[in-house]
Amino acid sequence: MPSTRSPLSRLFTVLLAGVLAGLVLAVAALPGNLLGGFAAKAALGAYAELPDALRTPAQPQRSYLYANDGKTLLTTFYDVNRTDVPLAEIAPVMRQAIVAAEDRRFYSHGGADLRGIARALVANVKGGGTEQGGSTLTMQYVRNVLKTDPTRSAEERQAATEQTIGRKLQEIRYATALEKTLSKGEILNRYLNIAYFGSGAYGVAAASQRYFGKTPADLSLGEAALLAGLVQSPDEYSPIDGDKDKALARRAYVLDSMAATGAVTAQQAADAKAAKLSLHPTAQPNGCTATAQGHDDWGFFCDYLRQWWLAQPAFGNTVKEREQALRRGGYKVITTLDPQVQQTAQEQATKVYGYDNKRALPIAAVEPGTGRVLAMAVNRHYSLAANPKGQTNHPNTVNPLISGGASVAGYQAGSTFKLFTMLAALEAGKPLSTGFDAPAKLPTRYASDADGNCDGKWCPANANPEWMDGYRMMWDGFGRSVNTYFVWLAEQVGEAKVVEMAQRLGITFRAGSDADFAKNNPENWGAFTLGVAATTPLDLANAYATVAAEGTYCSPVPVVSVTAGNGQKVDVGQPSCKKVLDTDVARAATDAARCPVGQQSAYGQCNGGTATSVDRIVDRPVAGKTGSSEQNATETFVGFTPQVAVAGIAANPDDSTDLVGSAVQAKVIDAVARTIRTAVGGKPVKDFTAPSKELAGDPQRPQPRPSPQPQRRQQQDQNLPGDILRWLQGRGRG
C-alpha cells in the first residue's frame, strides 16, 4: 500500500526522530542511579501537571433507561455511544488481543516505549508503507482522553491530536506519570473503555454490542481479535461500515501477534483465522424516538421523563447542563413504567381507536401514595415521521397528549370534576347525606343569553331528567352524575373553594383562559364543577390517586432510582408527598365514588351508576367517575383502587369541535377498567376504609319519586343498543 503522508507529515517525522534520537542518546549516557532519580522526579512533576480528566476519568457515557423491573431496556441517551465496564467483565482474550495488536511491550515499558518509537520513526522516514505511530497503549489513552474531555474547549481538544513535537513530548510525559501512579491493569481497563472501534462505538462494551450483540465478557477469540484490529483505523476496517476483507486481514494480523506473544497457540490462531466472520450488528437506541422495536408507545413516557429530568437541579444548574448530563453521564435510570400495565393500556387505547384515527384515547396510570407513573398510552406512534397530508397528529406525533405541556392544554373531562366539589363540601363540614331536591334545570345567578337559558340566567340541565331528577345526596348525586345537584352544592360551599381543591390535588390549568379564570375570578366559575376546564389523563389520574391514598398527594414521578456512572445513587426520584386532605374527607369521597362503578357504599346508599360494568371487570373494591363534556365532545372515565388510579379521555387532540359521541363512553370505561385489572393482578385485595358516621351524616331520604329506571336496569344499560343507551344517558354531561 503506497504511503499517503504529506510532505509536512514527513518533515515532522524527521524532526521528531531527531529530537527523540537525541533524547535516547542523552538518557543512555546518564549513570544508572541518576537516570532512575531523574525519571522518578520527572514523572512526579508531570503527574502534578496532569489534567483532571487523566487523574479522574470523566468521559462521556451512554445513559440507560429501564422499566420498573430493572431489566426491560426502554432506550438509551448518548452523544457518544460508550459505557464503562470493569476489567473483570472483559474477556481475557480481549485484553490479550489489544496488547498484541497495539503494544506488545505494554507490560515491560514505563509508559513511553522509546525503542518502539524509534523503530516506527525509522520505518516512517523510509516510507513506502503504512505510517507507523509507535505510541504505547498508555500514550494512546492520554491522547484519547484529552481529545474527548468534555471539560476542555474545542480548541484544547483539537490540540490533543496536533502533529507537533511539543504535543508528542507532553504525551510521553503524561504517559510516564500515569505509569508511576496506576497499575497496568487500570491503564488497560481505561484504554479499553475509551478507544474508538468504529461504527459509532466507543469503548469495548459498546463495540461488543454493536458488532456482536453481546457483552465484552462473552467475546470469543476471533471476535476479540477483530475488535482489537479495528482501533488502528476504525472507519476503514469496520466490517459494518468499512471493508470486510480489510477487517479480516487485520484480524489475522492480531491473531498472529497473539500467537507470537504466547497468548494463544499457533493452532488456536489458525483455527480462529479460518472461522467465518459472524456478525450480529445491534444498533443502540438513542433518545425517545428510538425505543425498542415495536414499543414506540414507550416514547411518550420517555419524553415525560426527559422533561422531568431537565427540571431537576441535581443534574446541573441549567437545562443545557442537565441535557448534557443525561446524554454523557452514564446514568442507570430505573423508571416507574410497568411493562404489563403499559401493554394493556396501549392495547386498550388502540382497541377503541386505531393509530390512524383522528380521535385519540390517552390513558395514564398512577400509583397512589407514591405518585409513580405506571403507564402512559395513546393510539399514536411516538415518532418524528411525516404524517399523510391533512393529518396533523396521526398516526405519528411527539406531542405530550397524555401529560400535557407545550401546545397540549388537555381536554374537558366533564363530570369527573364533580369530585372536587364533593371534597370541598365535605371539607366544609357538609356530610355525604347533604340532600337537595335536584330539578331538571337549575336557574343560577349567572347571566346568560345562550339557548336554553332561564329568564336570562344560566341554568344547567340534567342529562337524563327521569333518572337524575329528585332528592339526591352525595352518594347518588355522584353515582347518577346529577348536574343540578352538584351546581347547587358548589354554590353552597363557594366555587372558589372548588377550584382551589382541584389545584390542591394537582390539576394544572394549561389553557390561558382557564388559568386566568382560576387566578382572577374563581368565585364566579359556576360551570367548573361540570368539568369545563381542560385537563390531562395524568393530572386526573393523580388527583383521584390522592383520594385513593386517603388524602396524601404525591407529585407524579417517572423514576424509581438513578445511579450515576460512578455507581453513586443520585438523590432524586423519591416520592414527594404531602397531606392535602383530611383522611376522613378522602374516605367519604371514596365511599360515594363506589356508586358510579356499580358497587355499594359502606352505608348502603348507592342506587345506580353510570359505569356499572367496572364492578364485574375489576372484581375487587373499586371506585371512579365518568365524565361527558358538552354535546359529548369528549368522554372520560377515571377509576381507582387503593393500589392504582387510571384515567382515560376520548377526544380529538386537533379539533375540539369534533364530537366523539356518547357511544364511545362504554368503550372508554372498559379500557380503563381492564387497565386497572392488569395493574392490580396478582396483588392482595385491599378494601377501602369506611368514613366516620359524622361525615356520612344521617342518610334519611324523603319518599322518592317514582322512577322508570330502577337499579337493575341501570346495571344492565352498558349492554343496551346504542340509540337506547344514548336516550338513557342523555346528551349533556354525565
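Residues numbered from 1 in each chain as written. Predicted model: local features only at pLDDT ≥ 70, side-chain atom pairs only at ≥ 80, totals over all residues. Heavy atoms only, no water.

Visitor: Looking at this structure, I do not really get the pairing of strand β17 (residues 645-650). What am I missing?
Guide: Along any regular strand the residues' side chains alternate between the sheet's two faces. Among the six residues that make up β17, six are buried, leaving the element largely enclosed by the rest of the structure. Taking every second residue as pointing to the same face, both faces of β17 are buried, with Ala 645, Ala 647 and Ile 649 on one and Val 646, Gly 648 and Ala 650 on the other. Taken together, the four bridges between strand β4 (residues 363-366) and β17 define a ladder with antiparallel strand orientation. Looking at β17, one finds that Ala 364 is bridged to Ala 647. (Buried < 20%, exposed > 50% of the residue type's maximum accessible area, 1.4 Å probe, protein only. Helix = DSSP H or I, 4+ residues; strand = E, 2+ residues; numbered from the N terminus. Pairing = 2+ DSSP bridges.)

Visitor: How should I be thinking about helix α22 (residues 495-504) in this particular structure?
Guide: Residue pairs spaced three or four apart in an α-helix point in one direction, given the helix's 3.6 residues per turn. Within the sequence span of α22, burial applies to Glu 495, Val 498, Val 499, Met 501 and Ala 502. Across the axial projection of α22, the buried residues extend over an arc of 155°, all falling on one side. Buried residues along α22 sit in contact with α18 (418-427), α21 (483-493) and α23 (512-520). A positive phi of about 100° marks Gly 506, the residue just after α22. (Arc of directions from axis to C-beta. Contact = heavy atoms within 4.5 Å.)

Visitor: How should I be thinking about the nonpolar core in this particular structure?
Guide: Side chains that are nonpolar tend, in soluble globular proteins, to be buried together. One finds Phe 420 and Met 422 to be the most contacted residues of the largest nonpolar core, which totals 108 residues. Residues in contact with Phe 420, not counting those within four places in the same chain, are Val 498, Met 501, Ala 502, Leu 505, Ile 507 and Ala 543. Counting residues in each nonpolar core, the second largest holds 58 residues, with Leu 137, Tyr 141, Ala 195 and Tyr 211 among its members. (Core = buried A, V, L, I, M, F, W, Y, C linked by side-chain atoms within 4.5 Å.)

Visitor: Before we go on, may I ask you to explain the state of the cysteines in this structure?
Guide: Disulfide: a covalent bond formed between the sulfur atoms of two cysteine residues. According to the stated counting rule, one finds four disulfides in the structure shown. Here Cys 554 connects covalently by a disulfide to Cys 577, the sulfurs 2.1 Å from one another. Its S-S torsion of about 105° marks the bond between Cys 554 and Cys 577 as right-handed, since a negative value means left-handed. One end of the pair, Cys 554, is in strand β12 (residues 552-554); the other, Cys 577, is in strand β14 (residues 577-579), with 23 residues separating them in the sequence. Judged by relative accessible area, which is 4%, Cys 554 ranks as buried. By relative accessible area, Cys 577 is classed as partly exposed at 35%. Paired by a disulfide, Cys 595 and Cys 606 hold their sulfur atoms 2.0 Å apart. Torsion about the S-S bond of the Cys 595 and Cys 606 cystine: about -75°, corresponding to left-handed handedness. Taken together, the residues span a long stretch of sequence, with Cys 595 in the loop between α25 (583-593) and α26 (613-618) and Cys 606 in the loop between α25 and α26 at a distance of 11 residues. With respect to burial, Cys 595 and Cys 606 carry one shared label: buried. Of note for the chain: the bonded cysteines, numbered N- to C-terminal, pair according to 1-2, 3-4, 5-6, 7-8. (Disulfide = S-S within 2.5 Å.)

Visitor: Sorry, what's going on with the confidence of the model for the chain here?
Guide: When pLDDT is low, close inspection of the predicted coordinates is not appropriate. Scored by pLDDT, the chain comes out at a mean of 86, with 85% of its residues at no less than 70. In the model, residues 21-44 has pLDDT below 50 throughout and makes six contacts with residues more than four positions away in sequence or in other chains. A low-confidence stretch, residues 128-132 (pLDDT under 50), is modelled with 13 contacts involving residues beyond four sequence positions or located in other chains. (pLDDT = per-residue confidence, 0-100.)

Visitor: What should I look at first to understand the sheet that holds strand β2 (residues 73-77) in this one?
Guide: In any sheet, the strands associate via hydrogen bonds between backbone groups, in a parallel or an antiparallel arrangement. Taken together, four strands build an open sheet; the order of strands is β2-β1-β3-β13 and the sheet is mixed. The open sheet has two edge strands with one neighbour each: β2 and β13 (559-563). Neighbour-to-neighbour, the strand axes of the sheet open up by a mean angle of 15°, direction not taken into account. As defined by bridge partners, strand β1 (residues 63-66) adjoins strand β3 (residues 332-335) across three bridges and the pair is classed as parallel. Its bridge partner being in β3, Tyr 66 is matched across the sheet by Ile 334. Where helix α15 (residues 298-309) meets the sheet, it contacts β1, β2, β3 and β13, and its direction lies at approximately 45° from that of β2. (Axes fitted to C-alpha atoms, helices over the stretch in contact; angles between N-to-C directions.)

Visitor: It is not clear to me how the packing of aromatic side chains should be interpreted in this structure. Could you clarify?
Guide: Two aromatic rings, taken as a pair, are described by how far apart their centres are and by the angle between their planes. Under the definition given, this model contains 22 aromatic pairs. Judged by centre distance (3.6 Å) and plane angle (5°), the ring pair of Trp 309 and Phe 315 falls under stacked. As far as the burial class goes, Trp 309 and Phe 315 line up, both buried. Ring geometry for Trp 525 against Phe 528: centres 4.8 Å apart, planes inclined by 55°, an arrangement best described as tilted. Under the relative-accessibility criterion, Trp 525 is labelled buried at 5%. Cluster of aromatic residues (ring-pair linked, three or more members): Phe 417, Phe 420, Phe 509, Phe 517, Trp 525 and Phe 528. Residue placement shows Lys 184 over the ring face of Phe 106; its charged tip is 4.6 Å from the ring centre. (Phe/Tyr/Trp six-rings, centres within 6.5 Å; stacked < 30°, edge-to-face > 60°. Lys NZ or Arg CZ within 6 Å of the ring centre and 35° of its normal.)

Visitor: Where do I start with the side chain of Asn 542 in this structure?
Guide: Mapped onto the elements, Asn 542 comes out in helix α24 (residues 537-548). We classify Asn 542 as buried; its relative accessible area is 5%. Discounting residues that sit within four places of it in the chain, Asn 542 has contacts with Val 366, Gly 371, Leu 505, Tyr 553, Cys 554, Ser 555 and Pro 556.

Visitor: Help me understand the packing of helix α11 (residues 221-230) against helix α13 (residues 244-261), please; the structure alone is not making it clear to me.
Guide: The description of two helices packed together rests on the angle between their axes and the distance between the axes. Where α11 meets α13, the closest approach of the two axes is 8 Å, and the angle between their N-to-C directions is 110°. The angle between α11 and α13 places the two elements in the roughly perpendicular class. For the pair formed by α11 and α13, the contact residues are Leu 221, Gly 222, Ala 225, Leu 226, Ala 228 and Gly 229 on the first element and Arg 250, Arg 251, Val 254, Leu 255 and Met 258 on the second. Taken together, the residues of the contact of α11 with α13 sort by class into seven nonpolar, two polar and two charged. (Parallel < 35°, antiparallel > 145°, perpendicular 65-115°, else oblique. Nonpolar A, V, L, I, M, F, W, Y, C, P; charged D, E, K, R; others polar.)

Visitor: Explain the sheet that holds β17 here, please?
Guide: Taken in spatial order, the five strands make up an open sheet running β5-β4-β17-β16-β15, and their pairing is antiparallel. Each end of this open sheet is capped by a strand with a single partner; those strands are β5 (373-377) and β15 (623-628). The sheet shows a mean angle of 5° between the axes of neighbouring strands, taken without regard to direction. Strand direction decides the pairing type here: β15 and strand β16 (residues 635-640), joined by six bridges, are antiparallel. Residue Lys 625 lies in a different strand from β16, and its bridge partner there is Val 638.

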